[in-house]
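The lines below spell out each chain.
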Amino acid sequence: MLQDFLNQILPSTVGGLVIGSIYALVALGYTMVYGVLRLINFAHSEIFMIGTFASLVLLTAIAPAAPATFGIAMVGTLLLCMVVSAVVSGGAAIVLETVAYRPLRKRGATKLAALISAIGASIFLQELFALEIIPWLTDKPGRNQASAPRFVPRDELFHIGNAAVRLDHVIVVVAAVVVMVALDQTVNKTRIGRGIRATAQDPEAAVLMGVSIDNIVRITFLLGGAMAGVAGALYLMEIENTVFNVGFVLGIKAFTAAVLGGIGNLRGALMGGIVLGLIENWGAIFLGSQWKDVIAFVVLVVVLMFRPTGILGESLQRARA
C-alpha cells in the first residue's frame, strides 16, 4: 500500500492541481454572491453547465478548422472559447438574479425563500437543457453525454518524477490562476471592487455613500458567472464531454472548496479549490477513484464541524468579499 502511494503521489498531485483549479474558479461565484448577499446560490452549478455548452457549440461550429497541434490557432480557439463561455455564463447569471432572486429581495423575503428559489432554478435549468436545448443542439436525447472535438493536444511537456505534465494540464492551471488574479485585482483596486466590498461590509452605509445595491448585485452575479464560464471552457477542453447535470456534483465540490478556504474570501476560494483537488486525488490512491465524491463530502462535513471559519479564518457570519 505504501509503495503504491509513493508511485501514485506525484501523478495524483498533478491531477489534483488541474481539477482543483476548476473547482476554485467555480467557487469564486459562490463566495462572491455570499459575500454580498449572504446567499448560497445553488443554481451557480448550472451557470457552469451553461458555460460548458457554450464552448461545445462554438467548437462544434468551427470543428473543421479546429487546430490539432499547438500554435496560434489553438491559442486563439482556446481564448475564444473562454471569452464566449464567460459572456454566456455571465449573461445567464444576470438573468438568474433578475428572475429568481431580485423579486424576493425586493419583497424582503427570507433567506430560506431565496434558497428554495435557487434549488428550483437549478432543477429548471437542468431539465430545460435535457429536454430542449441539448436535443436541439445535437439531434440526440438530452440525457446523454455530448462530446467535444479535441483542439488542445495531449503532448507531454516534462516530467516531475514519474508524473507526466501535459500541455492541457499547464493551460488549465495557468489560465485559472491568471483569471483569478485578475478578479482579485478588480475587486481590490477598482471602483467597482470598492462598491462590492462596501456592499458586503455594510449595505446601508454603502447606499448612503451613493452605491447602487442593484447594480453591485448585478455586477457580482456577472463576475461570478463569468468565472464559472471560464471554468466550463477549461473543463470541456480537459474532459472533452459534457451533460445536462455536469454541474451538480462539481458545484457541490466547488461549494465545499469555498467553505474550506473561508467562504466570502476570494483568495480562500483559490486555496480551497486546490486543497480539495489534492485531498480528493490523494485519498483515491487508498480508497479508489470511485470514492472521490465521498471524500469531498466528508471534507465538507469535517470542515463545518471542526473549522467552519475555513483555512483563512473567515467566519461564515462575518465573511467579506
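Details of the structure are given in the entry above.
All figures in this text were calculated on a predicted structure; none of them were measured in a lab.

Trainee: Sorry if this is basic, but what is going on with the overall build of the protein here?
Mentor: Scanning the protein from N- to C-terminus turns up 11 helices and four strands. Radius of gyration (C-alpha) of the protein: 19 Å, near the 20 Å computed for a compact globule of 321 residues. With respect to the three principal axes, the spread of C-alpha positions in the protein is 55 × 45 × 35 Å. Put simply, the protein has 321 residues, and 51% of those count as buried.

Trainee: Would you mind showing me how to read unusual backbone geometry here?
Mentor: Of note in the backbone geometry, Arg38 takes a positive phi value of approximately 55 degrees without being a glycine. Looking at the secondary structure, you find Arg38 in the loop between helix 1 (2–37) and helix 2 (44–61). Backbone geometry at Glu240 places phi at a positive 70 degrees, although glycine is not the residue there.

Trainee: I'm lost on the nonpolar core in this one. Help?
Mentor: Across soluble globular proteins, you tend to see nonpolar side chains buried next to one another. With 91 residues, the main nonpolar core has Leu25 and Phe48 as its most contacted residues. Leu25 has contacts with Ala176, Val179, Met180, Met227, Ala228, Val230, Ala231 and Leu234, leaving out every residue within four places of it along the chain.

Trainee: Sorry, what's going on with helix 6 (residues 191–201) here?
Mentor: In an α-helix there are 3.6 residues to a turn, and that puts residues three or four apart on one side. The complete set of buried residues in helix 6 reads Gly193, Gly195, Ile196, Thr199 and Ala200. Seen along its axis, helix 6 keeps its buried residues to an arc of 160 degrees; they face one direction.

Trainee: How should I be thinking about helix 11 (residues 292–306) in this particular structure?
Mentor: Look at helix 11: 21 Å from first C-alpha to last across 15 residues, which is about the 21 Å you get at 1.5 Å a residue. Buried within helix 11 we find Ile295, Ala296, Val299, Leu300 and Val303. Along the axis of helix 11, the buried residues cluster in a sector spanning 145 degrees; they form a single face. Projecting away from the buried face of helix 11 at angles above 90 degrees are the exposed residues Met305 and Phe306. Each element contacted by the buried residues of helix 11 is listed here: helix 9 (246–261) and helix 10 (266–287).

Trainee: Help me understand empty space enclosed by the protein, please; the structure alone is not making it clear to me.
Mentor: If a probe as big as a water molecule is rolled over the atoms, it shows which places are left empty. In this structure the tally under the stated criterion is two cavities of 30 Å³ or more. Taken as a whole, the largest cavity spans an internal volume of roughly 40 Å³. Taken together, Leu59, Ala148, Pro149, Arg150, Phe151, Val152, Arg154, Leu236, Met237 and Glu240 make up the full set of residues lining the largest cavity. Partitioned by chemical class, the residues of the lining of the largest cavity number seven nonpolar, no polar and three charged. Considered as a void within the structure, the second largest cavity measures approximately 30 Å³ in volume. Lining of the second largest cavity is provided by Gly29, Val33, Asn41, His44, Ile47, Ala93, Leu96, Phe221, Gly224 and Gly225.

Trainee: Would you explain a nonpolar patch on the surface in this entry?
Mentor: There is a patch of nonpolar side chains on the surface, built from Phe286, Leu287, Trp291, Val294, Val298, Val301, Val302, Met305 and Phe306 and spanning about 890 Å² of accessible area. Where the nonpolar patch is concerned, the elements lending two or more residues are helix 10 and helix 11. Tallying contributions element by element places helix 11 first for the nonpolar patch, with six residues. Here Met305 shows up in helix 11.

Trainee: What is the right way to look at the pairing of strand 3 (residues 163–166) in this model?
Mentor: Each regular strand shows side chains that alternate between the opposite faces of the sheet. Across the two faces of strand 3 the burial differs, with Ala163 and Val165 buried and Ala164 and Arg166 not buried at all. As paired elements, strand 2 (residues 156–160) and strand 3 share four bridges and run antiparallel to each other. Considered in strand 3, the bridge of Phe158 is made with Val165.

Trainee: Could you clarify how one ought to interpret the packing of helix 5 (residues 167–189) against helix 10 in this entry?
Mentor: Pairs of packed helices are described in terms of their axes, by the angle between the two and the distance that separates them. At a minimum axis separation of 10 Å, helix 5 and helix 10 run at an interaxial angle of 160 degrees. In terms of orientation, helix 5 and helix 10 fall into the roughly antiparallel class. Handedness of the helix 5/helix 10 crossing: left-handed. On the side of helix 5, the interface is formed by Met180, Leu183, Asp184, Val187 and Asn188, while helix 10 contributes Leu266, Arg267 and Leu270. Across the contact of helix 5 with helix 10, the residue classes break down as five nonpolar, one polar and two charged.

What counts and how
- Residues numbered from 1 in each chain as written.
- Predicted model: local features only at pLDDT ≥ 70, side-chain atom pairs only at ≥ 80, totals over all residues.
- Heavy atoms only, no water.
- Helix = DSSP H or I, 4+ residues; strand = E, 2+ residues; numbered from the N terminus.
- Rg over C-alpha atoms; globule rule 2.2 N^0.38 Å.
- Buried < 20%, exposed > 50% of the residue type's maximum accessible area, 1.4 Å probe, protein only.
- Core = buried A, V, L, I, M, F, W, Y, C linked by side-chain atoms within 4.5 Å.
- Contact = heavy atoms within 4.5 Å.
- Arc of directions from axis to C-beta.
- Expected span 1.5 Å × (residues − 1).
- 1 Å grid on protein atoms, 1.4 Å probe; cavity = no way out; pocket = protein on both sides within 12 Å on 5 of 7 lines; lining within 4 Å.
- Points joined across faces, edges and corners; volume = space filled by probe spheres on them.
- Nonpolar A, V, L, I, M, F, W, Y, C, P; charged D, E, K, R; others polar.
- Patch = residues over 30% accessible without salt bridge, like charges linked within 9 Å, V, L, I, M, F, W, Y side chains within 5 Å.
- Areas by Shrake-Rupley, 256 points an atom, 1.4 Å probe, with all protein chains shown as cover.
- Salt bridge = Lys/Arg side-chain N within 4 Å of Asp/Glu carboxyl O.
- Pairing = 2+ DSSP bridges.
- Axes fitted to C-alpha atoms, helices over the stretch in contact; angles between N-to-C directions.
- Parallel < 35°, antiparallel > 145°, perpendicular 65-115°, else oblique.
- Left-handed = near helix turned anticlockwise from the far one by under 90°.

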